[in-house]
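Chain by chain, the residues:
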Amino acid sequence: MNSSPILLNPWQISFLEANQRIKGAVCGRGAAKTNTLNHVIGLSARSLPRAKASLNCNTFTQGLEIILEQSEDVWKQYGWHPYDPKTGRGNYVLFRRPPDDWVKPIYAPKKWENVVSFKSGYALQMRSYDRPNSNRGGNDSQNFIDEAGWFKEDWINKIVLPRNRAPLDIDSHLNLAFYFFTSVPTHAEGQWIWKYEQLAKDQPKKYRFNEATAKDNYALLAKVPDYIETQREILDPITFAIEMMNERMTALANGFYPSFNQERHVHHGYNYDFDDELGIWHKEHKDYDPEAALEISMDANAAFTCASVWQESKDHTTEHCINALFVKPNAEKSNLVQRLAFKFHETYAQHRKKVVYLWGDRNLTSKVAQSKLTQQDVFTETLRALGWTVVSRVNGFNWLHKDKHFFIDEILNEKNPRLPKVRINAKLGTPLIHSIQQAPINDDFTKDKKSETRSMPQELATHLSDTLDYYVCGKYGSRTGRFGASTSVIPAVGWM
């Protein structure tokens with residue numbers, strides 16, 4: 001390492017110096033987990049010449065961000081500099097076949113567009129688990145996972161660890177290392193990480209388990225002393241608690257949405273395209289089409305107004321929730337529905353097809369205080385003045401609670417081919433995901449709405465989950481007559 005390395009935090013030092021072969025780190029946002037992973041790669045490229053390692057990510061975008069955002073500054077501390085083919089200087093190359101005179105890994109990859117190659121012969125192959133079965137087989141000397149909380153335990157046990165079978169004749173704890181880094185998982189499939197916490201207690205010579213938050217990142221706090229407080233101000237409380245403070249939170253055991261499954265219903269939503277000429281990767285959203293109409297489902301209340309934004313897939317089989325928006329009262333006491341319309345417009349100002357379908361329950365047809373306009377009128381007129389065409393799909397009836405509960409569960413369990421699949425954007429739809437996970441159910445099948453009357457942040461309440469109900473029930477209720485054990489008949493869809 002160079003004589004003047006970037007300052008490492010105590011938890012990073014303890015993690016990097018520990019000689020266990022299997023390590024896990026559960027870290028909040030700003031805790032330097034990506035920086036630590038890059039240190040591991042830079043050190044491994046020096047310590048394990050001719051090794052091939054795999055960087056396993058839930059999406060390819062994650063791997064690109066790790067490599068492209070911080071790697072150069074970290075790796076230069078270990079003597080690694082990007083290769084310039086014009087001058088022949090540098091000793092690592094991104095996503096291209098390395099120069100012919102460089103040493104190659106013992107188990108060299110067949111393709112190089114997802115590989116970072118070092119002159120020592122060390123190679124880091126990025127693997128995306130958008131299609132996990134494509135990652136089976138192969139021989140690695142190391143395996144790393146970013147955001148491991150998004151990985152299924154089966155992927156670890158049946159795909160990742162079986163590849164860790166190419167030891168080098170080098171005495172180093174980095175040889176056959178398996179390290180994972182993650183934020184706190186919020187769904188059942190990611191809870192396997194806590195097994196490693198217990199293994200570290202039971203077998204401390206073999207396993208190590210670290211936890212850290214931004215409070216442990218002295219280097220960050222020295223540069224941005226108000227970082228944590230700023231994040232507290234701009235993030236919703238659930239996101240702050242989980243992603244910043246490492247607080248563990250799971251879904252309710254007996255919630256209103258029993259078939260909701262984060263692995264199935266939540267996705268990252270990117271496609272990738274490699275430019276051979278430029279040697280770079282491009283990404284684009286696969287759940288958002290700027291040329292297609294948008295659909296918005298709104299829940300309007302005096303203390304909190306919110307909406308989920310949707311687009312139906314071109315093959316009409318899937319409903320993509322591409323965003324979740326909300327507004328709260330401000331000092332000016334401006335109309336929340338109008339402010340939500342402005343927020344929607346600002347978010348999608350570049351959207352090319354300015355057509356939006358408005359969904360919601362019949363409460364949207366109630367009059368605004370001291371006005372002849374309804375909530376629906378306010379939203380519609382505001383957007384029309386901004387250049388949008390608004391088509392009303394507001395429900396003219398309220399469903400029986402039992403009907404609603406079983407119908408939505410039928411959609412989420414995906415056993416009826418006449419009903420669509422629901423997919424929620426992992427990043428932009430986070431508030432909706434948490435609202436669904438934390439929505440209780442009463443004995444009479446009503447949704448427990450106590451959270452909406454408590455003195456708690458309303459983005460933690462059930463409001464946003466209601467927007468899912470309005471949308472799928474309003475749009476697809478007419479497709480089903482009788483269902484489940486209920487004798488109810490789904491009412492015919494009626495428009496205002």
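Above this text is the structure in question.
I will try to describe carefully the structure that is included in this document. Every value quoted in this text rests on a predicted model; they were computed, and no experiment measured them.

## As for the sheet that holds strand β12 (residues 294–299)
Then, in step 1: The strand order across the open sheet formed by seven strands is β9-β17-β14-β13-β12-β15-β16, and the pairing between neighbours is mixed. Edge positions in the sheet fall to β9 (266–267) and β16 (389–392), since each has one partner strand and no second.
Then, in step 2: Of the pairings in the sheet, the one linking β12 to strand β13 (residues 305–312) comprises five bridges and is antiparallel in character. By the bridge assignment for β13, serine 297 is matched with serine 308.

## Remarks on helix α3 (residues 60–69)
Then, in step 1: With respect to burial, α3 is a largely interior element, seven of its 10 residues being buried.
Then, in step 2: Taken together, the buried positions of α3 are Phe60, Thr61, Gln62, Gly63, Leu64, Ile66 and Ile67.

## Quick word on unusual backbone geometry
Then, in step 1: One non-glycine residue, glutamate 414, lies in positive phi territory at about 60 degrees.
Then, in step 2: The residue glutamate 414 is located in the loop between α13 (401–413) and β17 (421–425) in this model.
Then, in step 3: The phi angle at phenylalanine 445 is positive, at roughly 75 degrees, despite the residue not being glycine.
Then, in step 4: Residue position: phenylalanine 445 is located in the loop between α14 (430–437) and α15 (463–476).
Then, in step 5: Phenylalanine 445 sits in the partly exposed class, given a relative accessible area of 26%.

## Section: the packing of aromatic side chains
Then, in step 1: Taken as a whole and assessed by the stated rule, the structure comprises 29 aromatic pairs.
Then, in step 2: A centroid spacing of 5.2 Å and a plane angle of 65 degrees characterise the contact between tryptophan 75 and phenylalanine 118, whose relative ring orientation is edge-to-face. Of this pair, tryptophan 75 sits in helix α4 (residues 71–75) while phenylalanine 118 is found in strand β4 (residues 115–118), placing the two residues 43 residues apart along the sequence. Across the pair, exposure class does not vary: tryptophan 75 and phenylalanine 118 are buried alike.

## Considering the sheet that holds strand β5 (residues 123–128)
Then, in step 1: Spatially, eight strands are ordered β3-β4-β5-β2-β6-β7-β1-β8 in an open sheet, and the strand pairing comes out mixed. With partners counted over all chains shown, the strands left at the sheet margins are β3 (92–94) and β8 (207–212), one partner each. Adjacent strand axes in the sheet meet at a mean angle of 15 degrees, parallel and antiparallel pairs treated alike.
Then, in step 2: By the bridge criterion, four bridges tie strand β2 (residues 52–57) to strand β6 (residues 142–146) in an arrangement that is parallel. The residue of β6 that forms the bridge with alanine 53 is glutamine 142.
Then, in step 3: Lying over the sheet, helix α5 (residues 153–163) contacts β2, β5, β6 and β7 (177–182), oriented at roughly 135 degrees with respect to β6.

## A short note on the packing of helix α1 (residues 10–17) against helix α2 (residues 33–47)
Then, in step 1: At a closest axis distance of 11 Å, the pairing of α1 and α2 adopts a crossing angle of 30 degrees. Like other packed secondary-structure pairs, α1 and α2 cross with a definite hand, here right-handed. On the side of α1, the interface is formed by Trp11, Gln12, Phe15 and Leu16, while α2 contributes Lys33, Asn35, Thr36, His39 and Val40.
Then, in step 2: Across the contact of α1 with α2, the residue classes tally to four nonpolar, four polar and one charged.

## Let's talk about the nonpolar core
Then, in step 1: Membership of the largest hydrophobic core comes to 38 residues, with the highest contact counts inside it found for Leu55, Ile67, Trp75, Phe118, Tyr122, Leu124 and Phe144.
Then, in step 2: In contact with tyrosine 122, not counting residues within four places along its chain, are Ile41, Ser44, Ala45, Leu48, Arg50, Ala51, Ala53, Val116, Ser117, Gln142 and Phe144.
Then, in step 3: Listed in part, the 31 residues of the second largest apolar core include Phe256, Ala324, Phe326 and Cys473.

## Observations regarding the side chain of serine 71
Then, in step 1: Here serine 71 lies in helix α4.
Then, in step 2: Overall, the relative accessible area of 3% leaves serine 71 in the buried class.
Then, in step 3: Beyond its immediate sequence surroundings of up to four residues, serine 71 is in contact with Asn38 and Ile66.

## Brief notes about the pattern of salt bridges
Then, in step 1: Tallied over the entire structure, the rule returns 17 salt bridges.
Then, in step 2: Two residues, aspartate 73 and lysine 76, come together in a salt bridge whose shortest N-O distance is 3.8 Å.
Then, in step 3: We classify aspartate 73 as partly exposed; its relative accessible area is 43%.
Then, in step 4: A relative accessible area of 38% means that lysine 76 is categorised as partly exposed.
Then, in step 5: Put simply, aspartate 140 and arginine 163 hold a salt bridge, and the shortest N to O gap is 2.9 Å.

## Description of the side chain of asparagine 143
Then, in step 1: Positionally, asparagine 143 belongs in strand β6.
Then, in step 2: In this structure, asparagine 143 is in contact with Ser54, Asn56, Val160, Arg163, Asn164, Ala177, Phe178 and Tyr179, ignoring residues within four places of it in sequence.

## Quick look at the pairing of β4
Then, in step 1: Residues Val115 and Ser117 line one face of β4 and the alternating positions Val116 and Phe118 line the opposite face, and both faces are buried.
Then, in step 2: In terms of strand pairing, β3 meets β4 through three bridges, oriented antiparallel. The partner of leucine 94 across the bridge, within β4, is valine 116.
Then, in step 3: Here three bridges tie β4 to β5, and the two strands are oriented antiparallel to one another. Across the sheet, residue valine 116 finds its bridge partner in β5, namely leucine 124.

Rules used throughout
- Residues numbered from 1 in each chain as written.
- Predicted model: local features only at pLDDT ≥ 70, side-chain atom pairs only at ≥ 80, totals over all residues.
- Heavy atoms only, no water.
- Pairing = 2+ DSSP bridges.
- Helix = DSSP H or I, 4+ residues; strand = E, 2+ residues; numbered from the N terminus.
- Buried < 20%, exposed > 50% of the residue type's maximum accessible area, 1.4 Å probe, protein only.
- Phe/Tyr/Trp six-rings, centres within 6.5 Å; stacked < 30°, edge-to-face > 60°.
- Axes fitted to C-alpha atoms, helices over the stretch in contact; angles between N-to-C directions.
- Contact = heavy atoms within 4.5 Å.
- Left-handed = near helix turned anticlockwise from the far one by under 90°.
- Nonpolar A, V, L, I, M, F, W, Y, C, P; charged D, E, K, R; others polar.
- Core = buried A, V, L, I, M, F, W, Y, C linked by side-chain atoms within 4.5 Å.
- Salt bridge = Lys/Arg side-chain N within 4 Å of Asp/Glu carboxyl O.

Purely geometric numbers; function is a separate question.
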